[in-house]
Each structure stands twice: as C-alpha cells, then as structure tokens.
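# Working through the structure, step by step
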Amino acid sequence: MAVKLILSDIDGTILPYGQTQVSARTVAAFHAAKDAGLAVGPASGRFYSWIPAFFGGDEECCSTAITANGLQVYHGGELVLERGISPEALRHAAAVLREVPGTGLIVFKDGVPRLVQGSRDDLAVAFPRYARESRDADGVPDEPAPKANIFVKGSLDDTRRLVARLNEEVDGLDFDVPQAMFCNVMPSGWNKGAAFAWLCDYLGVARDEAVVFGDAGNDVALFEHADHSVAVSGAMPEAIAAARWHIGACEDDAVAGAIEALAAGEWPFTE
C-alpha cells in the first residue's frame with residue numbers, strides 16, 4: 001500500500017489528556033516518516049503557533065499541518081490556505097446562546113481568546129486554560145475570526161444537544177463536538193475533512209494514499225474524506241463508528257507504532 005500523507009489529531013490521539021508533550025517515540029516516528037519521503041503532521045483544532053511545543057519544540061514534526069480545525073493549512077512550514085468565520089454568523093450564534101444558561105462564546109484575535117459571551121467561571125469548568133488566558137471582549141469583532149469556540153457547562157449529552165440546536169438554527173456556520181462542554185465553530189461546509197481534501201489536491205495525493213488518525217467528534221469529518229481513517233482505542237463512539245481501521249490506545253503510543261510501520265513500507269492495519 002503506497003502512502004504519501006499521514007495526519008494525526010493531537011489531544012487523545014498522540015497526546016494523552018493531562019500531558020503537555022507527545023512521547024519521544026512519537027517524535028521519532030514522525031521523523032521516520034519524513035525520512036521515508038512521506039508528508040506527516042498534525043490535524044488539530046489548535047493554532048499552528050501552539051503546536052511545536054507539543055513536540056518538544058521540534059517544528060519539523062508540524063511543517064505540514066491542518067490547524068484551527070481546518071481553517072488553516074500549512075506545508076513546508078508555510079501557510080498555504082486560510083479561512084475565516086463570518087462575524088454576522090457568530091452574532092447569530094451568540095443570540096441563540098443567550099437563551100441557553102451555562103453557555104458562552106470565545107472568539108480568537110491575534111492568537112488570544114476573547115470572552116465574547118458567557119461566564120468566565122463556566123469557561124473555567126469547560127476549558128481552564130482559555131479561562132486563564134482569555135480577555136473580556138465587547139461583542140464579536142467586525143473582521144472574520146480565525147478561530148471560535150462555544151462552551152457549555154454540562155455533560156457530553158448536553159454538548160451534543162447544544163450543537164444539534166446550533167446546527168439547526170444558525171445559518172452560515174457548522175458546529176461539532178471535540179469533547180464534552182466544548183464545541184468547534186466553522187464556516188458551513190468547512191472542517192478538518194474539507195481541509196484534508198484540499199491538502200490532498202494541493203499535494204497531488206490520492207485519498208487512498210493518505211492515512212489519518214483521530215479520536216473525537218471533530219475527527220468524523222476527517223474520517224469521512226479519507227479512505228484510510230484510524231481511530232484509537234477509547235475514541236468517542238462517533239469516531240469509532242466512522243473509522244475504517246482501529247488500533248490501540250493513545251497512552252500506549254499506538255499511533256507512533258502505526259507510523260513506524262508505514263514509514264518502513266508495511267501496512268499495520270487489519271479488519
């Protein structure tokens with residue numbers, strides 16, 4: 001099986017929750033793939049500038065990357081595609097959220113989260129880092145946003161219900177669930193999967209020449225666009241159902257092991 005492109009989600013896929021860096025084996029596996037002539041990198045909801053730290057500062061591991069949940073695409077360390085989120089549509093989403101207690105909206109500007117709506121205390125429950133780093137904002141900025149997220153103080157089911165309502169009521173935006181209490185916001189029709197398809201075309205890579213790894217609800221769109229989608233053990237049910245292949249746990253370096261095999265020209269997946 002000829003493979004030319006490998007992309008992996010970060011949190012819960014190659015980075016165990018609660019950890020700040022991927023394993024040395026994962027870094028070495030990424031380098032082995034690059035040495036074998038493969039394009040390899042992360043497909044993450046995070047900004048590009050945040051990602052090297054997860055690889056111990058090794059920028060070579062993320063010179064090819066899908067970031068901000070598909071709103072930015074990098075290759076050779078250069079930004080090759082960027083999309084923005086409509087401020088008008090974000091204002092509509094904010095209006096819906098005002099009717100739902102415990103919810104809120106953060107919009108990023110210059111890499112900094114701005115708390116547009118909702119309680120900082122509720123945000124601290126959903127995403128403590130953003131609660132610490134965010135600045136208060138007076139409404140949605142007038143320019144297209146490079147990244148936005150919605151939070152909800154509640155369970156995973158509460159998060160899914162909120163996302164279903166937003167997808168039904170808000171035109172021009174799509175919403176998905178990477179984890180409980182936290183939602184991604186994207187322009188309609190654009191997500192990790194659309195960015196992956198664009199990158200494949202940009203690189204001249206066929207869909208059956210790419211392998212993607214993930215674990216969360218926002219990886220489902222990525223899985224739907226890739227012929228070879230791989231869910232790690234413990235992934236969210238929707239990711240498990242959407243994946244073609246299934247491997248071991250993030251904590252056991254299952255993705256690193258699979259990439260090592262692919263770099264060696266071996267096929268590590270079985271039905």
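Further up the page is the structure itself.
Residues numbered from 1 in each chain as written. Predicted model: local features only at pLDDT ≥ 70, side-chain atom pairs only at ≥ 80, totals over all residues. Heavy atoms only, no water.

### A look at the packing of aromatic side chains
For the coordinates displayed, the defined rule picks out 15 aromatic pairs. Relative to Phe-55, the ring of Phe-30 has its centre 5.2 Å away and its plane inclined at 50°; by these criteria the two rings are tilted. With Phe-30 in helix 1 (residues 24–35) and Phe-55 in the loop between strand 2 (39–42) and strand 3 (65–67), this pair connects stretches of sequence that are 25 residues apart. The same class applies to Phe-30 and to Phe-55, which are both buried. Between Trp-245 and Trp-267, the ring centres sit 6.0 Å apart and the planes meet at 80°, which makes this aromatic pair edge-to-face. (Phe/Tyr/Trp six-rings, centres within 6.5 Å; stacked < 30°, edge-to-face > 60°. Helix = DSSP H or I, 4+ residues; strand = E, 2+ residues; numbered from the N terminus. Buried < 20%, exposed > 50% of the residue type's maximum accessible area, 1.4 Å probe, protein only.)

### As for helix 5 (residues 156–169)
Compared with an ideal rise of 1.5 Å per residue, which puts 14 residues at 20 Å, helix 5 spans 20 Å between its outermost C-alpha atoms and is within 8% of the ideal. Residues of helix 5 that are buried include every one of Thr-159, Leu-162, Val-163 and Leu-166, and no others. Around the axis of helix 5, the buried residues are gathered within 100° of arc, so they sit on the same side. Across from the buried face of helix 5, at angles greater than 90 degrees, the exposed residues are Arg-161 and Glu-168. In this fold, the buried residues of helix 5 make contact with helix 2 (87–97), strand 6 (103–109), strand 9 (148–152), strand 10 (173–179) and strand 11 (182–187). The N-terminus of helix 5 is capped by Ser-155, whose side-chain oxygen sits 3.3 Å from the backbone nitrogen of Asp-157. (Expected span 1.5 Å × (residues − 1). Arc of directions from axis to C-beta. Contact = heavy atoms within 4.5 Å. Polar contact = N/O pair within 3.5 Å; in protein donor to acceptor, adjacent residues only side chain to side chain.)

### Some points on the packing of helix 2 against helix 5
The contact between helix 2 and helix 5 brings their axes to 10 Å, and the two run at 130°. For the element pair helix 2 / helix 5, the angle class is oblique. For the pair helix 2 and helix 5, the crossing hand works out as right-handed. Side by side, helix 2 and helix 5 meet where His-92, Ala-93, Val-96 and Leu-97 of the first sit next to Leu-162, Arg-165, Leu-166 and Glu-169 of the second. Of the residues that constitute the contact of helix 2 with helix 5, the class distribution is five nonpolar, one polar and two charged. (Axes fitted to C-alpha atoms, helices over the stretch in contact; angles between N-to-C directions. Parallel < 35°, antiparallel > 145°, perpendicular 65-115°, else oblique. Left-handed = near helix turned anticlockwise from the far one by under 90°. Nonpolar A, V, L, I, M, F, W, Y, C, P; charged D, E, K, R; others polar.)

### Describing the environment of Arg-161
Here Arg-161 shows up in helix 5. Since its relative accessible area comes to 53%, Arg-161 is described here as exposed. Along the backbone, Arg-161 and Asn-149 are twelve residues apart, and their C-alpha atoms lie at a distance of 16 Å.

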